[in-house]
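Geometric and topological summary
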Amino acid sequence: MELTGAQIFLECLKKEGVQHIFGFPGGVVIPIYDELPKHPEITHYLVRHEQGAAHMADGYARATGKVGVCLVTSGPGATNTVTGIATAYMDSIPMVVFTGQVPVGLIGNDAFQEVDIVGITRPCTKHNYLVKDVTKLAQTIKEAFYLASSGRPGPVLVDLPKDVLTATAEFKYPRSVSIRSYKPHESPSVPQIRKALDLIRSAERPMFYSGGGVITANASEELTWLAKNLDIPVASTLMGLGAFPGNDPLWLGMLGMHGTYCANKAIQECDVLIAVGARFDDRVTGKLSSFAPHAKIVHMDIDPTSIRKNVKVDVPIVADCRMALKALHDEAEPNLKKKGWLKSHAAWLKQIAAWRKDHPLTYIKDPAKKIIKPQQVVETIYELTKGDAIIATEVGQNQMWAAQFYHYHKPRTLITSGGLGTMGYGFPAAIGAKAAWPDKLVIDVAGDGSIQMCIQELATAVCYGFDVKIVILNNGYLGMVRQWQELFYDKNYCATCMEFQPDFVKLAESYGAAGFRISDPAKLKGTLKKAFAVKKPVIVDVTCAQEENVYPMVPAGASLSDMLLV
Amino acid sequence: MRHTLSILVENEPGVLSRVAGLFSGRGFNIESLNVAPTLEEGVSLMTISTTGDELIIEQIIKQLRKLVTVIKVVDMNEHKTVQREMVLLKVNAEDSRRAEVLRIVDIFRCKVVDVSGNDLTVESTGDQGKITALIQLLTRFGIKEIARTGVVSMKRSMQ
């Protein structure tokens, strides 16, 4: 029997096990929406802006490891997803974005709501397709899901002209995909693993530098085993938080621009640095020429372009992080009991403990106990949840404090836009996570600036009962930019003061969500507790100290040794 | 240093834009670029001449390999190769200087492919050194127009 393109599309999603689509209809995708009610196994969430749909699909993917899916119309519907696609691309998130397109015959004619979305998204997708022939639709969708989720994951866009959705073809879903020009290199080279292990076991001051790849590859167990059995401390990038328990004695904290003193000191002093699923981003390395000056570097990553892009590497290992760490485990385990096989790290760990004691992560509380410090809010959220929640963040100071003062013990519990730094990301991403885990507490740590960028999704949250808790660290500023202006631009606070703000409590209420406002430190814990117990979306507007800075801080382009401390 | 890269690609719409976009988006340099079909249907060969230090060339090759539509990338500098480029030159050749121009054309074993009262159109094939030398020598007569194919390259059978 022949099916229409729209029917084929939905059958393909079913075959891929897609349960959730975040989308927004429009003229050219009506054929799909016309069929959608016949597929009760797929839930469609109507968003309020296509950017929200893309971030929700992304948040869903981060919270589950599955491919997130969004569906939008042509033209502005498609361009509105671009920020979401770029966000997912920078953080290697598996996502498939379906965009409608004008009929094939009209492409190139500047038709109504036509845009060359394949051209626009070429540099920010892993791959993209324009389907011009309905007989190729199923194969293309299969490839799109395969590409999005394999190798180094990433967003894939499939552009669907209206007449392809209405044309008919025999439906046959391919069982497997083989793309001759795409063969991810997953298993590590054994000689390289042995070389790495030799370096590691003879190191006196080794450390792990763990990145988002560890979470993507579900390698957190393997990393934890190696760290504990080989007695190696672990620092992580923002994207890697949660891969290693945040309360373990070997935990150093986040490294880089706003990393902990001991993590950054350790980088500068270590003799072997084992980078796993990380890409030596400028926010992590600071000044490259003085980064990890004494270290031999082992670098494991599935993407060969990440290796030797920014730093020279002594032992490159191109592989899936989990398989590489597992191979290290297999080589190491039989030797563990041999005396003298592994050098002692006692002195190194003692030194680290001293650094941690000298300059712990901290802030100065208001002596009069009248003003709430933003860090205190994050600490209180941790106290209330004990790490058993999914934390999404916006971007800026709120994000850094959420990274520093909340402790992540499990992978996929922090959902944050690391590479692109997209303000407005956190709230829709939190909705995506909530769609995946309806029983988990999902909190968006927000700033008063960021939250206003995708606030319209409150309607989506209320409509579908996603009781996401938004905690606004409200300092009346675009805080991170203000911090840079204070430190590097003579306090010229141009365009960073949010002079006008909505009443967030009333705004929440007008959408049918609940709103709370706190400014008294004594009421912080109680109110947050109450807010987290409410069975609907909540905004907690916390009036915070206005000019609080994120410390430690390594100024952009400076060496990790030059940290500004509290 | 100049490198010549041979890139086999799936001949799909947008493949040129993917490759060219990669170079422009990441700030790599393209000196010349040549694309044409191969014997296998649906597969084209691109030859790109580019410059950069060792790390940049390594990054260019890795980034190219990462593109889903790229089948194979070979850095021809790692092999013994034959490299050729074709050029068409329209050069001034007034009666008084025509013989002189033709002598150079002869020495370089070029072909004259079009003639008029005032100029000659010359076709020449060779490696970059030869083409550069020819252009230098003909410049003093006045080159009116030039069209170059960019370099193409093939591995020698005996390496």
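Here's what I pulled together on the structure shown here. (Residues numbered from 1 in each chain as written. Chains lettered and ligands numbered in written order. Predicted model: local features only at pLDDT ≥ 70, side-chain atom pairs only at ≥ 80, totals over all residues. Heavy atoms only, no water.)

1. A look at the interface of chain A and chain B
Facing the 17 residues of chain A at the interface are 18 residues of chain B. When the buried surface of chain A facing chain B is broken down by residue, A:Arg122, A:Arg180 and A:Arg308 rank first, second and third, together holding 38% of it. Linking chain A with chain B are 5 salt bridges, by the criterion used here. Of the charged contacts, one joins B:Glu40 and A:Arg180 as a salt bridge, the two residues approaching to 2.9 Å between their closest N and O atoms. Across the side of chain A that touches chain B, the residue classes break down as 5 nonpolar, 4 polar and 8 charged. (Contact = heavy atoms within 4.5 Å. Buried area = accessible area lost by both parts, 1.4 Å probe. Salt bridge = Lys/Arg side-chain N within 4 Å of Asp/Glu carboxyl O. Nonpolar A, V, L, I, M, F, W, Y, C, P; charged D, E, K, R; others polar.)

2. Comments concerning the sheet that holds strand β19 (residues 514–518) of chain A
Residue and element names in this part refer to chain A. A sheet is described by the order of its strands in space; here 6 strands give the open sequence β16-β15-β17-β18-β20-β19, paired in parallel fashion. Either end of the sheet is taken by a strand with one partner, and the two such strands are β16 (414–415) and β19. Bridge analysis of strand β15 (residues 390–393) against strand β17 (residues 442–447) gives 4 bridges, and the strand direction is parallel. Note on β17: the bridge partner recorded for Thr393 is Val445. Those strands touched by helix α17 (residues 397–405) are β15, β17 and β18 (469–474), and its axis lies near 135 degrees from that of β17. Together, β15, β16, β17 and β18 form the strand contacts of helix α18 (residues 426–436), whose direction differs from that of β17 by roughly 175 degrees. (Pairing = 2+ DSSP bridges. Helix = DSSP H or I, 4+ residues; strand = E, 2+ residues; numbered from the N terminus. Axes fitted to C-alpha atoms, helices over the stretch in contact; angles between N-to-C directions.)

3. Considerations on helix α1 (residues 5–15) of chain A
The complete set of buried residues in α1(A) reads A:Gly5, A:Ala6, A:Ile8, A:Phe9, A:Leu10, A:Cys12 and A:Leu13. Downstream of α1(A) by a residue or two, A:Gly17 has a phi angle that is positive, lying close to 75 degrees. (Buried < 20%, exposed > 50% of the residue type's maximum accessible area, 1.4 Å probe, protein only.)

4. Section: the packing of helix α9 (residues 190–201) of chain A against helix α14 (residues 321–332) of chain A
Residues and elements named next belong to chain A. The N-to-C vectors of α9 and α14 enclose an angle of 65 degrees; their axes lie 10 Å apart at closest approach. Crossing of α9 against α14: the hand is right-handed. Where α9 abuts α14, its residues Val190, Ile193, Arg194, Leu197 and Ile200 lie against Ala324, Ala327, Leu328, Glu331 and Ala332. Tallied by class, the residues present in the contact of α9 with α14 amount to 8 nonpolar, no polar and 2 charged. (Left-handed = near helix turned anticlockwise from the far one by under 90°.)

5. Things to note about the side chain of A:Thr237
Residue and element names in this part refer to chain A. Tracing the backbone shows Thr237 in the loop between β10 (234–236) and β11 (251–254). In this structure Thr237 comes out as buried when scored by relative accessible area, which is 9%. Residues within four places of Thr237 in sequence aside, it is in contact with Tyr209, Ser210, Gly211, Gly212, Met254, Ala278 and Val284.

6. Remarks on the packing of aromatic side chains
The way to describe two aromatic rings as a pair is by their centre distance and the angle between their planes. All names here are of chain A. Evaluated as defined, the whole model comprises 19 aromatic pairs over all chains. An angle of 90 degrees between the planes, with centres 5.7 Å apart, marks the rings of Tyr146 and Tyr182 as edge-to-face. In this pair, Tyr146 is assigned in helix α7 (residues 137–149) and Tyr182 in the loop between β8 (168–170) and α9, connecting sequence segments 36 residues apart. Overall, the relative accessible area of 9% leaves Tyr182 in the buried class. Aromatic side chains Trp484 and Phe488 sit 5.8 Å apart centroid to centroid with 85 degrees between the ring planes, which places their arrangement in the edge-to-face category. With Trp484 and Phe488 both in helix α20 (residues 479–488) and 4 residues apart, the pair spans about one turn of that helix. Take Trp484: its relative accessible area is 23%, and that puts it in the partly exposed class. The exposure class assigned to Phe488 is partly exposed, which follows from its relative accessible area of 34%. By way of ring pairs, the aromatic residues Phe22, Tyr45, Tyr60, Tyr464 and Phe466 are connected into one cluster. Its guanidinium or amino end placed over the ring of Trp437, Lys440 lies 4.5 Å from that ring's centre, counting from NZ or CZ. Looking at Arg482, its charged tip hangs above the ring of Tyr477, at a distance of 5.6 Å from the centre. (Phe/Tyr/Trp six-rings, centres within 6.5 Å; stacked < 30°, edge-to-face > 60°. Lys NZ or Arg CZ within 6 Å of the ring centre and 35° of its normal.)

Spatial relationships are all this shows, so hold off on functional conclusions.
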